[in-house]
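# Residue-level structure breakdown
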Amino acid sequence: YSGYSGTGRLNCVTFHPSDISTFWVGSPSGGLWKTTNGGVNWFALTDDNDVLGVSTIALHPNYATNQTLFIGTGDRDGGSIWTLGGGQSNDNNGIGILKSTDDGNSWSSTGLTFTTNQRVSVNEILIDPNNASIMIAATSQGIYKSSDGGVSLTLKTSSLEFVDMDFKPGSFSTIYASTSSWSDSKIYKSTDKGDNWSEVLSVTGRRIQLAVSSNNASVVYALAANDTRGLEGVYKSTNSGSTFSKIFSGTNTTG
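Residues numbered from 1 in each chain as written. Predicted model: local features only at pLDDT ≥ 70, side-chain atom pairs only at ≥ 80, totals over all residues. Heavy atoms only, no water.

### Points about the overall build of the protein chain
Stated formally: Segments assigned H or I by DSSP are reported as helices when at least four residues long, segments assigned E as strands when at least two residues long, and all are numbered from the N terminus. As a reference, a globule follows 2.2 Å times the number of residues to the power 0.38, and the radius of gyration itself is taken over C-alpha atoms. Each residue is placed in one exposure class: buried if its accessible area under a 1.4 Å probe, protein chains only, is under 20% of its type's maximum, exposed if it is over 50%, and partly exposed if it falls in between. Whether two residues are in contact is decided by their heavy atoms: any pair within 4.5 Å suffices. Only the protein chains shown count as covering a residue, and every accessible area follows the Shrake-Rupley method with a 1.4 Å probe. Note that His is not counted, nor are the chain ends; the positive residues are Lys and Arg, and the negative ones are Asp and Glu. Charge positions are represented by NZ for Lys, CZ for Arg, CG for Asp and CD for Glu.
Helix and strand content of the protein chain: one helix and 20 strands. In summary, the protein chain has a C-alpha radius of gyration of 18 Å against a globular reference of 18 Å for 255 residues, a match within 12%. Across its three principal directions, the C-alpha atoms of the protein chain cover 45 × 45 × 35 Å. The proportion of buried residues among the 255 residues of the protein chain is 48%. Excluding contacts between residues fewer than 6 apart, the proportion of contacts in the protein chain whose partners are at least 24 apart in sequence is 38%. Total accessible area on the protein chain is roughly 12100 Å²; 47% of this is exposed by carbon and sulfur atoms. Here the protein chain contributes 16 positive and 21 negative side-chain charges, whose respective centroids are spaced 7 Å apart.

### Things to note about the nonpolar core
Short version of the rule: In this text, buried Ala, Val, Leu, Ile, Met, Phe, Trp, Tyr and Cys residues form a nonpolar core when linked through side-chain atoms within 4.5 Å.
Formed by 14 residues in total, the largest nonpolar core has its most connected members in Trp 24, Leu 32, Val 54, Ile 57, Leu 69, Ile 71 and Trp 107. Here this core gets three residues from one element, more than from any other, and that element is strand 5 (residues 54-59). Apart from the residues lying within four places of it in its own chain, the contact partners of Leu 32 are Trp 24, Val 25, Gly 26, Phe 43, Ala 44, Leu 45, Thr 46, Val 54, Ile 57, Leu 69, Ile 71 and Trp 107. Residues Ala 58, Phe 70, Phe 114 and Leu 153 belong to the second largest nonpolar core, which totals 13 residues.

### Quick notes on the sheet that holds strand 2 (residues 23-27)
Put simply, the rule reads: Strand pairing is assigned whenever DSSP detects at least two bridges linking the two strands.
The antiparallel open sheet is built from four strands, whose spatial order is 1-2-3-4. In the strand order of this sheet, the two ends are held by strand 1 (12-15) and strand 4 (43-44), each with one partner. Pairing geometry for strand 1 and strand 2, over four bridges, is antiparallel. When the bridges of strand 2 are listed, Phe 15 appears paired with Phe 23.

### Description of the layout of surface pockets
Unfilled space is identified by rolling a water-sized probe across the atoms. As a reminder, the rule being used: Two kinds of site are reported from a 1 Å grid over the protein atoms alone, namely cavities, where a 1.4 Å probe fits but cannot get out, and pockets, open sets with protein on both sides within 12 Å along at least five of seven lines, and residues are called lining when an atom falls within 4 Å of a point. Grid points are joined across faces, edges and corners, and a volume is the space filled by probe spheres set on the points.
In this structure, the second largest pocket encloses a volume near 440 Å³. Lining the second largest pocket are 21 residues, and of these Ala 58, Leu 59, Ile 125, Leu 126 and Ile 127 sit closest to its centre. Counting residues per element, the ones that place at least two in the lining of the second largest pocket are strand 1, strand 5, strand 9 (122-127) and strand 13 (161-168). Among the elements that line the lining of the second largest pocket, the one with the most residues is strand 5, at five residues.

### So, unusual backbone geometry
Phi angles above zero are rare outside glycine, and Asp 103 is one such case at about 65 degrees. Relative to the helices and strands, Asp 103 is located in the loop between strand 7 (96-100) and strand 8 (108-113). The buried category is assigned to Asp 103, whose relative accessible area is 16%. A positive phi angle, close to 60 degrees, is found at Ser 240, a residue other than glycine. Tracing the backbone through its elements, the reader meets Ser 240 in the loop between strand 19 (231-237) and strand 20 (245-249). Classification of Ser 240 as buried rests on a relative accessible area of 9%.

### Overview of the pairing of strand 5
Of all six residues making up strand 5, six are buried, and the element is well covered by its neighbours. Summarising the sheet, strand 5 and strand 6 (residues 69-73) pair through five bridges and their orientation is antiparallel. If you follow Ile 57 over to strand 6, its bridge partner there is Ile 71.

### Some words on the pattern of salt bridges
Operational definition: Here, a salt bridge means any Lys or Arg side-chain nitrogen found within 4 Å of an Asp or Glu carboxyl oxygen.
Per the counting criterion, the structure on display carries six salt bridges. A salt bridge links Lys 186 to Glu 199; the nearest nitrogen and oxygen atoms lie 3.7 Å apart. Of the two residues, Lys 186 is situated in strand 15 (residues 184-190) and Glu 199 in strand 16 (residues 198-204); the sequence distance between them amounts to 13 residues. Assessed through its relative accessible area of 17%, Lys 186 is described here as buried. Measuring nitrogen to oxygen at the nearest pair gives 3.0 Å for the salt bridge that ties Lys 246 to Glu 232. Highlighted residues: Lys 246 in strand 20 and Glu 232 in strand 19, separated in sequence by 14 residues. Taken together, the salt bridges that share partners define one network made up of Lys 145, Lys 156 and Asp 195.

What follows is the structure in structure tokens.
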């Protein structure tokens, strides 16, 4: 829920690489929107698409010259349909990754394509800044990798729901990914650009979100939710995600 009646939800925000007044937002069931004046005015870019759920936005590393961007379709963060008797826990099932080469005016499918009956959402897309051919996609059925810019993608993990991913700052061979589950949520790490993954942390809880900082590339933070959607704990790694320590527990009442 948004907290304010009628305002709806947003799943993601992505900023223009050089213009702070231009950014995009993706909504669970209202499509992709763009502003060029800092949010004063907005225009929709996906009204003609078959699915209007957007959970992630990725700009091509050369976006400034080629006007290319990608969106992951579906709703990764739940929604209202289950409570309204719709029988599903999200507001939109996805149809894969869509690509635009004209700044979002038109869209085409990529090598990762689903039907809505498959109930798959694309939750995060990473593109290697130094090699735009390498694309990693976290989905509700595992992590996919492309080595040809999204023309074809191959499943690289088991069928867990991965909801968040981050590159190690300055070292794009290393990638961290986290999952969502009704029981145990996990963090995985890859050191070979997403070809192979190993589990580095398992937490009894609902979901894990990750954060990295270029100020200290070896540090990774993880925020874990418990199975009642409260805070399970905050975890920290100081060795590039090889191991994690709990630095704050959700049962604590003081900081």
